[in-house]
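# Close look at the chain arrangement
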Amino acid sequence: PPPDPGIDRYFLQLPNKSVESAFKVELIVCKTVKVDDRNRYFFGGKIQEETIKGWGFTRYSLSQLGPMAGTLIAVDPNAPKVNRFIPHGGEPYLIRYNSRLPVVVYAPEGVEVRYRIWTAEPEMKGIDKG
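Quick look at the structure, then. (Residues numbered from 1 in each chain as written. Predicted model: local features only at pLDDT ≥ 70, side-chain atom pairs only at ≥ 80, totals over all residues. Heavy atoms only, no water.)

## Regarding the sheet that holds strand β9 (residues 103-108)
The condition that has to hold: Strand pairing is defined by DSSP finding a minimum of two bridges between the two strands. A run of DSSP states H or I qualifies as a helix once it reaches four residues; a run of E qualifies as a strand once it reaches two. Both are numbered from the N-terminal end. Axes here mean lines fitted to C-alpha atoms, for a helix over just the part in contact, with angles spanning 0 to 180 degrees between N-to-C directions.
Spatially, 4 strands are ordered β1-β9-β5-β4 in an open sheet, and the strand pairing comes out mixed. With one partner strand each, in any of the chains shown, β1 (7-12) and β4 (48-51) form the two edges of the open sheet. The sheet shows a mean angle of 25 degrees between the axes of neighbouring strands, direction not considered. In the sheet, β4 pairs with strand β5 (residues 58-61) via 4 bridges, with the strands oriented antiparallel. Considered in β5, the bridge of E50 is made with R59.

## Regarding the pairing of strand β2 (residues 23-35)
Examined bridge by bridge, β2 and strand β10 (residues 112-119) share 8 bridges and lie antiparallel to one another. Looking at the pairing, C30 lines up with E112 of β10. In the sheet, β2 pairs with strand β8 (residues 93-96) via 4 bridges, with the strands oriented antiparallel. The partner of L27 across the bridge, within β8, is Y93. Sheet topology places β2 next to strand β7 (residues 82-87); 6 bridges connect them, and they run antiparallel. Across the sheet, V33 pairs through a bridge with R84, a residue of β7.

## Quick word on the environment of Y97
For clarity, the threshold we go by: Burial classes: relative accessible area under 20% of the type maximum marks a residue as buried, over 50% as exposed, and values in between as partly exposed (1.4 Å probe, protein chains only). Two residues form a contact once any of their heavy atoms are found within 4.5 Å. Here a polar contact is recorded for every N or O atom pair within 3.5 Å, except that within protein the pair must consist of a potential hydrogen donor and a potential acceptor, and residues adjacent in sequence are included only if both atoms are side-chain atoms.
Summarising the element assignment, Y97 is placed in the loop between β8 and β9. With relative accessibility at 3%, the residue Y97 sits in the buried group. Residues Y97 and F42, spaced 55 residues apart in sequence, show a C-alpha to C-alpha distance of 25 Å. Setting aside residues no more than four positions away along its own chain, Y97 makes contact with L14, P15, K17, E20, F23, K24, V25 and I117. Within the structure, the side chain of Y97 is placed 2.5 Å from the backbone oxygen of P15, a separation counted as a polar contact.

## A closer look at the pattern of salt bridges
When charged atoms on two side chains of opposite charge get close, those side chains can pair. We apply this condition: Think of a salt bridge as a Lys or Arg side-chain nitrogen and an Asp or Glu carboxyl oxygen that are within 4 Å of each other.
Here the structure, examined in full by the defined rule, presents 4 salt bridges. Here E112 and R114 are joined by a salt bridge, their closest N and O atoms 3.0 Å apart. Since its relative accessible area comes to 31%, E112 is described here as partly exposed. Across the pair K125 and E121 runs a salt bridge, and its minimum N-O distance is 2.8 Å. In terms of burial, K125 and E121 fall into one category: exposed.

## Section: the nonpolar core
Quick note on the threshold: Residues grouped as a nonpolar core are buried Ala, Val, Leu, Ile, Met, Phe, Trp, Tyr and Cys residues, joined through side-chain atoms within 4.5 Å.
By size, the foremost hydrophobic cluster in this structure holds 21 residues, and its most contacted members are V25, L27, V29, Y60 and V103. Broken down by secondary-structure element, the contributors of at least two residues to this core are β2, β3 (41-43) and β9. Here this core gets 6 residues from one element, more than from any other, and that element is β2. Leaving out residues up to four positions away in the same chain, V25 has contacts with L12, L14, Y93, L94, I95, Y97, Y115, R116 and I117. Counting residues in hydrophobic clusters, the runner-up holds 5 residues, among them I7, I52, F57 and Y106.

As C-alpha cells, this is what we get:
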C-alpha cells in the first residue's frame with residue numbers, strides 16, 4: 001500500500017542464493033547528523049513487522065525516529081562538528097533472507113534505509129563440555 005504522508009517506502013529485491021537459510025538481512029534506519037567525532041550515538045525507535053492484508057507478505061515499519069541518545073565522553077566545545085551516519089536502535093535488526101519476495105520498509109521522510117547481508121559459515125563447530 002502507498003505510504004502515509006511524511007513516510008517514505010523502500011523496496012529491496014535480494015538476489016537468489018543457493019542456501020538462503022545461511023543468510024540474514026540487517027535493516028539499518030539512519031540519519032546523517034552533525035555531531036562530535038568521539039561519542040557513540042543512536043536514535044530511539046522500533047521497527048514493527050506486520051503482514052500486509054490481502055498480499056500475505058511482510059513489511060517493516062518505523063513510524064518515527066525517536067530522540068537521539070549517546071555516550072557522554074567530554075569533548076572540547078570548540079571542536080568542529082562532523083557529519084556522521086547515526087543508526088536507530090542499539091542492536092542489529094536481522095530478518096530472514098528471502099529472494100522470492102521484496103523487502104518493503106516504511107520509514108519517516110528524511111532518513112535513509114540501508115542494509116547489510118550476514119552469512120553463516122557452512123561448517124558447524126562443536127563446543128567442548130566444561
